[in-house]
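Now for the letters of each chain:
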Amino acid sequence: MASSAESSAAGGMRKAPSLEWRWVSTEEEDDEDRAGAGAGTPAAVGAVGRGGSFESEDDEDDDEEEEEKEKGRKRLIRTVPSVDWFDVEGNEVSVAQQLDDSEEFDFGRTMFLALQTLAVVFGDIGIGPLYTFDVMFNKYPIVGEEDVLGALSLVLYTLILMPLVKYVLVVLWANDDGEGGIFALYSLICRNAKVSLIPNQVQSEKRMSSFRLKLPTPELERSIKVKEKLESSLLLKKLLLGLVLFGTSMFISNGVITPAMSVLSAVSGLKVGLPNTSQDVVVMISVALLIVLFSVQRYATSKVGFAIGPSLLLWFCCLGGIGIYNLSLYGPTAFKAFNPLYIIYYFGRNPFQAWLSLGGCLLCATGSEAIFSNLCYFPVRYVQYMFVLLVLPCLVLAYLGQAAFLIANQKSSEQVFFSSIPSGVFWPVFLVANLAALIASRTMTVAIFQCLKQSIALGCFPRLKIVHTSRKFMAKIYIPVVNWFLMVSCLGFIILFRNIYDVGNAYAIAELGVMIMATVYVTIIMLLIWEFNITKVLSFVITFLFLELIFFSSALSSVGDGGWALLIFASVLLMIMFIWNYGSKLKYDSEVKQKLSKDLMRKLGPNLGTIRAPGLGLVYSDIVKGVPAIFGHFLTSLPAIHSIIVFVCIRNVPVPVVPQSERFLFQRVCSRGYHMFRCIARYGYKDKKQEHHSVFERLLIEGLEKFLQREAVELSLQSEDDVDSDEEPPTPVKIIQAPNGSLYSLDVPLLADYAPSTELIPEASCSTPQHDPVLDYAQNLELELAFIKQSKRSGAVYLIDNPIIKARKDSWFFKKLMINYFFAFLRNNCRRAIMLMSIPHSNMMQVRMTSYV
């Protein structure tokens, strides 16, 4: 335990063997000891003998029973997990998927990543000096030198605490295999505890090579208690989901405000260079620049991004250079602000106005969440080094220089940055400032694309068209609908408010909403995953939650000055996400309740009560266990069904990337004679899903063949007593020959060179094996593989369920309104997961059934 504790770092998690920990009572441990004294571990052996890659469906009930443990004497023990087919596949690729940390230093690559980090990660926070002091002193007029020093001290320590300590040093380590953002935090928690309200995560996903396991620490007991509390409380599950939806709505609202605030404040510099410029001209130029920005956003994501790194480097150099110039010109008095006592003096002179100015002070830290959300492009170390060595020093110099200027010119509290620029370089700096403002706008837009892709993958936002703009980097994406929606919203905010003061009030509310949610989720991760000491956890949550709530209260005081529009905008987004998640959960629960039982399938027999025609039938459904109800509709409506049936469920698992070798999970449905399989096609939220249907079919069939080969090898190593208990003994089957020569029975493979027989197969001939079991398994494998090839040549047909979801007649009014109208509208106007593949209409059959929820 002690060595394990020493190995855990802030955010660094080591991979460990697949060992599981659980609480047991003393009596249970004694029973296990007595059972373990026998011949090995029969439970593990039985798991290996199973024909599928899933745990049995009865495991769900067992898990629920285990959660209700007695509160008496318990002891934490380590157990060996059950072994299934997926464990074998995962072990083969887990080593190959690890990154080599000992990569040699490459100066060229390092410089390239450094410039790209500036452009993508720090664009938003680097634009803060344009408007921070303007908005602060709009609420707190300057009376003397102490006011400037107090405001500067607030800004400096806000910069140190929020972006540096919280995000760069702590939150960045809470990434999900390199992915950042509010939804990455949520998916990380969902992966380590069953808190998702859509319970369609199979147990085998926890053993995927993309999932990280960690060694136990001395704080493991607290971690398990937190996990049990989260998993057992429906209220906490709903609260976690509600918080992530609220945080996402605030983050999207932040992305709408950022372009409006950045571009409007940069263009406002015209009033300093050209004093006769009116505000109408500033607004029109800002609108034109934003239209151009969003029009080229698709290309900026992949091509223009290479050129904006040096541009932003030039901007940070301008910030630092202007700050040094002002300090040398007006004296070093501003350095007194590093004394935190000036914050106390600042509040003591005018407490109420100082409290009101806190919302403006936080604008210096806007872009902190973008640092975390855009982390997917770069390693954590690069982001940390660039912020500490370049971004933070330049920002500090910029604010010190502006404060030095304000101390000497206390009446010039508007357009502080542009007023402090030396006259000889005003216009070049003005152009660079506008370019930096556009880069900052692009930074937030890209972050929103990533956030929405994660939320779509986790079922919390309607599916939209996602365009991958780079063949090399899968993280570079573009969402057309969202891009134009953001443009219209930005233009609306600019035209509505027309000045940076009202927009700045809304800006602070959006940024603080995201920061508070990040604090809550990182605290849970500290307890659940990192297993930090309780003192560290309390220090983190008390410090930052206290500060953020104080800032938030100040920002909310300006709701009437512009924050109201943002709150309405965020509420609409929150309602869309809530309705989509709520309707999706009801739809999933309805499908689970209506799924067909195995007893019914056994009564139908291998022929399924109909004729089996050559071919591959892919039945799509959202459920991961059981036979979907739509299949019963196919059996009663179609004159024949395909010789091989695969129930396909496209799953978006909460990991960034699923290795190709782990894409598919297979399991037999009923006995071998049915030739029915269940397949889960799993995609991470960074995976590209726009596969051609022929590519998907080829990968699926290859995965099915590998599954059958592994099954045959494993079963051949076992005795007859170890065969899967779900396997049914062979039953007598009549072979039917159609006029065209096709054979309709799954107990005999559909091979062209097979000589058909019209006699009844005797029961005795197939009930007792006459040959060596190893030879039977090998022979069955050859026949089954040949059967699959024959079905593949006959073609594949996609049987798709497209249900109509309606609320029951006795439902309350708001439920009917949400399901029958809002959710139906969203489903009819979003993209289905299967539609991402280019399936010809001749190979597709859709059935619409009405389900009442």
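Heads up: the structure comes first, above all this text.
These remarks concern the structure in this document. Because the structure is predicted, anything quoted here is derived from the model rather than measured. (Residues numbered from 1 in each chain as written. Predicted model: local features only at pLDDT ≥ 70, side-chain atom pairs only at ≥ 80, totals over all residues. Heavy atoms only, no water.)

A few points about the overall build of the protein
Piece 1. Scanning the protein from terminus to terminus reveals 31 helices and 12 strands.
Piece 2. The contacts of the protein with a sequence gap of at least 6 include a subset with a gap of at least 24, amounting to 85%.
Piece 3. For the protein, the accessible surface area stands at approximately 36,400 Å², while carbon and sulfur atoms represent 60% of it. (Helix = DSSP H or I, 4+ residues; strand = E, 2+ residues; numbered from the N terminus. Contact = heavy atoms within 4.5 Å. Areas by Shrake-Rupley, 256 points an atom, 1.4 Å probe, with all protein chains shown as cover.)

Side note on the nonpolar core
Piece 1. If you look at the biggest cluster of nonpolar residues, it comprises 184 residues, and the most contacted ones within it are Phe122, Phe133 and Trp315.
Piece 2. When residues of this core are assigned to their parent elements, the largest contribution, 23 residues, is made by helix H23 (residues 500–530).
Piece 3. Here phenylalanine 133 is in contact with Ala151, Leu152, Val155, Tyr399, Gln402, Ala403, Leu406 and Val416, once residues within four sequence places are set aside.
Piece 4. Residues Phe677, Ile701, Ala712 and Leu781 belong to the second largest nonpolar core, which totals 30 residues. (Core = buried A, V, L, I, M, F, W, Y, C linked by side-chain atoms within 4.5 Å. Buried < 20%, exposed > 50% of the residue type's maximum accessible area, 1.4 Å probe, protein only.)

Let's talk about the packing of aromatic side chains
Piece 1. This model, assessed by the stated rule, comprises 35 aromatic pairs.
Piece 2. When the centroid spacing of 5.8 Å and the interplanar angle of 20 degrees are considered together, the rings of tyrosine 620 and tyrosine 798 count as stacked. Taken together, the positions of tyrosine 620 in strand S5 (residues 611–620) and tyrosine 798 in strand S9 (residues 796–801) put the pair 178 residues apart, joining distant regions of the chain.
Piece 3. On the basis of an interplanar angle of 35 degrees and a centroid distance of 6.2 Å, the ring pair of phenylalanine 664 and phenylalanine 666 is categorised as tilted. Accessibility assignment for this pair places phenylalanine 664 and phenylalanine 666 in one class, buried.
Piece 4. The lysine or arginine in question, lysine 536, covers the ring of phenylalanine 532, its NZ or CZ lying 5.6 Å from the ring centre. (Phe/Tyr/Trp six-rings, centres within 6.5 Å; stacked < 30°, edge-to-face > 60°. Lys NZ or Arg CZ within 6 Å of the ring centre and 35° of its normal.)

A closer look at helix H9 (residues 182–192)
Piece 1. Among the 11 residues of H9, 11 are classified as buried, and the element is accordingly described as predominantly covered.
Piece 2. Restricting attention to buried positions, one finds in H9 the residues Ile182, Phe183, Ala184, Leu185, Tyr186, Ser187, Leu188, Ile189, Cys190, Arg191 and Asn192.
Piece 3. In this fold, the buried residues of H9 make contact with helix H10 (220–232), helix H11 (234–267), helix H18 (368–373), helix H21 (426–457) and H23.

Observations regarding the pattern of salt bridges
Piece 1. One pass over the full model with this rule turns up 10 salt bridges.
Piece 2. Here arginine 349 makes a salt bridge to aspartate 147, at a shortest N to O gap of 2.8 Å. Linking arginine 349 in helix H15 (residues 341–349) with aspartate 147 in helix H8 (residues 145–168), this pair joins segments that are 202 residues apart in sequence.
Piece 3. By relative accessible area, which is 42% here, arginine 349 ends up partly exposed.
Piece 4. Of the charged contacts, one joins arginine 668 and glutamate 711 as a salt bridge, the two residues approaching to 2.9 Å between their closest N and O atoms. With arginine 668 in strand S7 (residues 664–668) and glutamate 711 in helix H28 (residues 693–716), this residue pair connects regions lying 43 residues apart in the sequence. By the burial criterion, arginine 668 is buried, and glutamate 711 matches it.
Piece 5. Look at the salt bridges and you will find they share partners, linking Arg668, Glu711 and Glu784 into a network. (Salt bridge = Lys/Arg side-chain N within 4 Å of Asp/Glu carboxyl O.)

A few points about a nonpolar patch on the surface
Piece 1. On the surface, a nonpolar cluster with roughly 390 Å² of combined accessible area is contributed by Leu496, Trp564, Ile568 and Val572.
Piece 2. As for its placement among the helices and strands, valine 572 is situated in helix H25 (residues 563–594). (Patch = residues over 30% accessible without salt bridge, like charges linked within 9 Å, V, L, I, M, F, W, Y side chains within 5 Å.)

Quick look at the side chain of serine 265
Piece 1. Along the polypeptide, serine 265 turns up in helix H11.
Piece 2. Polar side-chain contacts of serine 265 include one of 2.9 Å to the backbone oxygen of serine 262.
Piece 3. Those residues in contact with serine 265 that lie beyond four places of it in its chain are Leu130, Tyr131, Gln415, Phe418 and Ile500. (Polar contact = N/O pair within 3.5 Å; in protein donor to acceptor, adjacent residues only side chain to side chain.)

Focus: the pairing of S9
Piece 1. With 5 of 6 residues buried, S9 is to be regarded as a mostly interior element.
Piece 2. Sheet topology note: the S5/S9 ladder contains 5 bridges and is parallel. Looking at S9, one finds that glycine 617 is bridged to valine 797.
Piece 3. With 4 bridges joining them, S9 and strand S11 (residues 844–847) adopt parallel strand pairing. When the sheet's bridge partners are listed, tyrosine 798 is paired in S11 with methionine 844. (Pairing = 2+ DSSP bridges.)

Digging into the packing of H25 against helix H31 (residues 813–828)
Piece 1. Where H25 meets H31, the axes come as close as 9 Å, and the angle between the chain directions of the two elements is 100 degrees. Relative to H31, the element H25 lies roughly perpendicular. Of the residues in H31, those in contact with Ile576, Phe578, Ile579, Trp580, Tyr582, Gly583, Ser584, Leu586 and Lys587 of H25 are Lys815, Met818, Ile819, Phe822, Phe823, Leu826 and Arg827. (Axes fitted to C-alpha atoms, helices over the stretch in contact; angles between N-to-C directions. Parallel < 35°, antiparallel > 145°, perpendicular 65-115°, else oblique.)

Topic: helix H13 (residues 279–295)
Piece 1. For H13, which comprises 17 residues, the first-to-last C-alpha distance of 24 Å matches the rise-based estimate of 24 Å (1.5 Å per residue) to within 8%.
Piece 2. Restricting attention to buried positions, one finds in H13 the residues Val282, Val283, Ser286, Val287, Leu290, Leu293 and Phe294. Burial along H13 is one-sided: seen end-on, the buried residues are contained in an arc of 135 degrees. Of the exposed residues in H13, those oriented more than 90 degrees away from the buried face are Met284 and Val292. (Expected span 1.5 Å × (residues − 1). Arc of directions from axis to C-beta.)

Structural notes on the environment of threonine 158
Piece 1. Tracing the sequence through the fold places threonine 158 in helix H8.
Piece 2. Setting aside its immediate chain neighbours within four residues, threonine 158 contacts Pro163, Cys361, Leu362, Cys364, Ala365 and Phe551.

A few points about the packing of H11 against H23
Piece 1. The N-to-C vectors of H11 and H23 enclose an angle of 145 degrees; their axes lie 8 Å apart at closest approach. You can see that H11 and H23 cross each other, and the crossing is left-handed.
Piece 2. A per-class count over the contact of H11 with H23 returns 22 nonpolar, 7 polar and 1 charged. (Left-handed = near helix turned anticlockwise from the far one by under 90°. Nonpolar A, V, L, I, M, F, W, Y, C, P; charged D, E, K, R; others polar.)

What is shown is where atoms sit, not what they do.
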